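Residue strings, one per chain:
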Amino acid sequence: MSSGTAWHPKATDGLEINAVADGYVVHQPDRERVHYLNHTAAIVLELCTGKNSAADLPELMRLAYNLPAAPGKEVEECLRTLQEEGLIA
Amino acid sequence: MPEDIAGRGPDRLNHVENVRFLSCAFEIRTNSRDLHERLAYIVQRSDQKAVPLLKRCVITVLRSGEEYRICDDGGMVEVEPSLMAALESLFRRLHQRALETLPDHIRIHTASGLHQERAFLMVGPKRAGKTTLALRLLFAGFDVTGDELVLLRDGRATAFPRKFYVRNGSLGLLPPLPPVPGPTPFAMNPSEGRLIAVDPTRFGRPWTIAPAEVSTIFYLEPNHGGHTAAVPCQKVEMVRRVMTECAPPATGRPDWVSDLCRTVDRARTFTIRIGELDSAVLEVKRILG
């Protein structure tokens, strides 16, 4: 996985992102794949704008969910999965 | 020799049947009285006035000796070695041609019905109990429109108008079926065994096929022999489940996943663990209101 403060993850081009009540359904037409994201993964993907660094994301998640501590490990794991699935670069 | 009237020649296709499957109307011509009689397995008379008619096809089935030659609009397509094989082949061909006429639609493997002018779907894998529950709902007075396939486009679902095909082994789960004049149409399916064709109009209600917005989606999980329970199902999970039971439009229109997601998101979504069937009917009734 790309890592460090230098990495500014960005959602891959061409994704068709469909919001439903409790998450996202992401269609990759070029790979003919569909991904099912829960709410947390959906927010992480939304934050992958190319402007936020990977290191900023846990704090942004903490603010979004009003958490007592930044979920660093969970966000890192989520970013790894999104990257492995080709949803972010 | 074919069983046609002597003197008219074996090739006279003087047994004719007309049937419509959504936007495609078929005229089936055959020289085989046996095949013509067996067409009751396939032919249905649902009301499809709300669906535009786009195409007419002629299919001929010529019996020659033991063989059945099936020709589709003039070109020979298949030669089948028996009556039952010819019936199966014809069944597949009619459905295929009808589906080709609506290539922009998503095909969902689901039973369906209409309630207060909106559609409800009962999605589930093979042997989840779709047909059995569909028939039980017909007995309970619901307008059940299909037991197998729905076409979806722009959030509107249209049941594919085919008879309900009941496995012999499932008959014991149903009250006695309303009688029909003549023999009950059936076919032998290599994977399913004997399948009995049931026309929903036997239950005394109209069988109307019309596109309708989807109000409710049930996902059926088999719990045969156990209790029935219905619980709300998350939307992402329902999309995932429906995806496993659907085929994309033949045209590959790019927005089909969005279409499906919007449909699921707007609908009420439930999982029904199908055990005891009377309770399953009550749960559907309670949820549909």
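Right, let's walk through the structure included here.

About the cut-offs
Residues numbered from 1 in each chain as written. Chains lettered and ligands numbered in written order. Predicted model: local features only at pLDDT ≥ 70, side-chain atom pairs only at ≥ 80, totals over all residues. Helix = DSSP H or I, 4+ residues; strand = E, 2+ residues; numbered from the N terminus. Rg over C-alpha atoms; globule rule 2.2 N^0.38 Å. Buried ≥ 20, exposed ≤ 12 C-beta atoms within 10 Å, placed from the backbone. Contact = placed C-beta atoms within 7 Å. Nonpolar A, V, L, I, M, F, W, Y, C, P; charged D, E, K, R; others polar. Pairing = 2+ DSSP bridges. Axes fitted to C-alpha atoms, helices over the stretch in contact; angles between N-to-C directions. Parallel < 35°, antiparallel > 145°, perpendicular 65-115°, else oblique. Left-handed = near helix turned anticlockwise from the far one by under 90°.

Digging into the overall build of chain B
For chain B, the helix and strand inventory stands at six helices and 17 strands. The C-alpha atoms of chain B give a radius of gyration of 20 Å, which matches the 19 Å a tight globule of 289 residues would have. Here chain B holds 289 residues, and the buried ones make up 37% of them. Of all intrachain contacts in chain B linking residues separated by at least 6 positions in sequence, the fraction that spans at least 24 positions is 72%.

What about the interface of chain B and chain A?
Counting residues at the interface gives twelve residues for chain B, matched by twelve residues for chain A. Taken together, the elements giving at least two residues each to the side of chain B that touches chain A come down to helix H4 (235-244) and helix H5 (256-266) of chain B. Split into classes, the residues belonging to the side of chain B that touches chain A amount to seven nonpolar, two polar and three charged.

A closer look at the pairing of strand S1 (residues 16-20) of chain A
Residue and element names in this part refer to chain A. As defined by bridge partners, S1 adjoins strand S2 (residues 23-28) across five bridges and the pair is classed as antiparallel. When the bridges of S2 are listed, Ala19 appears paired with Tyr24. As consecutive antiparallel partners, S1 and S2 are separated by two residues.

Topic: the sheet that holds S2(A)
Residues and elements named next belong to chain A. With respect to topology, three strands assemble into an open sheet ordered S1-S2-S3, the strand pairing being antiparallel. Of all strands in the sheet, those bounded by a partner on one side alone are S1 and strand S3 (33-37). Sheet twist, expressed as the average angle between the axes of neighbouring strands with direction ignored, equals 20 degrees. As defined by bridge partners, S2 adjoins S3 across five bridges and the pair is classed as antiparallel. Residue pairing across strands places Tyr24 opposite Leu37, the latter belonging to S3.

Observations concerning the sheet that holds strand S12 (residues 186-189) of chain B
Residue and element names in this part refer to chain B. The three strands are arranged S11-S13-S12 in an open sheet whose pairing can be described as antiparallel. Only two strands of the sheet have a single partner each, and these edge strands are strand S11 (164-167) and S12. Neighbouring strand axes in the sheet, compared pairwise and without regard to direction, differ in orientation by 35 degrees on average. Across the sheet, helix H3 (residues 130-139) is in contact with S11 and strand S13 (193-198); its angle to S11 comes to roughly 115 degrees.

As for the packing of H4(B) against H5(B)
All names here are of chain B. Relative to each other, H4 and H5 sit at 130 degrees, their axes nearing to 9 Å. When the interaxial angle is binned, H4 and H5 end up oblique. Remark: the crossing between H4 and H5 carries right-handed chirality. The segment H4 lies against H5, with Lys235, Met238, Val239 and Val242 engaging Leu260, Cys261, Val264 and Asp265. Of the residues that constitute the contact of H4 with H5, the class distribution is six nonpolar, no polar and two charged.

A look at the environment of Cys78(A)
All names here are of chain A. Tracing the backbone through its elements, the reader meets Cys78 in helix H3 (residues 72-84). Owing to 22 C-beta atoms within 10 Å, Cys78 belongs among the buried residues under this scheme. Sequence-wise, Cys78 and Thr40 are 38 residues apart; in three dimensions their C-alpha atoms are separated by 8.7 Å. Not counting chain neighbours up to four residues away, the residues in contact with Cys78 comprise Thr40, Ala41 and Val44.

Observations concerning unusual backbone geometry
Residue and element names in this part refer to chain A. A positive phi angle, close to 55 degrees, is found at Asn66, a residue other than glycine. Within the secondary structure, Asn66 sits in the loop between helix H2 (57-65) and H3. According to the C-beta neighbour criterion, Asn66 is exposed, with 6 such atoms within 10 Å.

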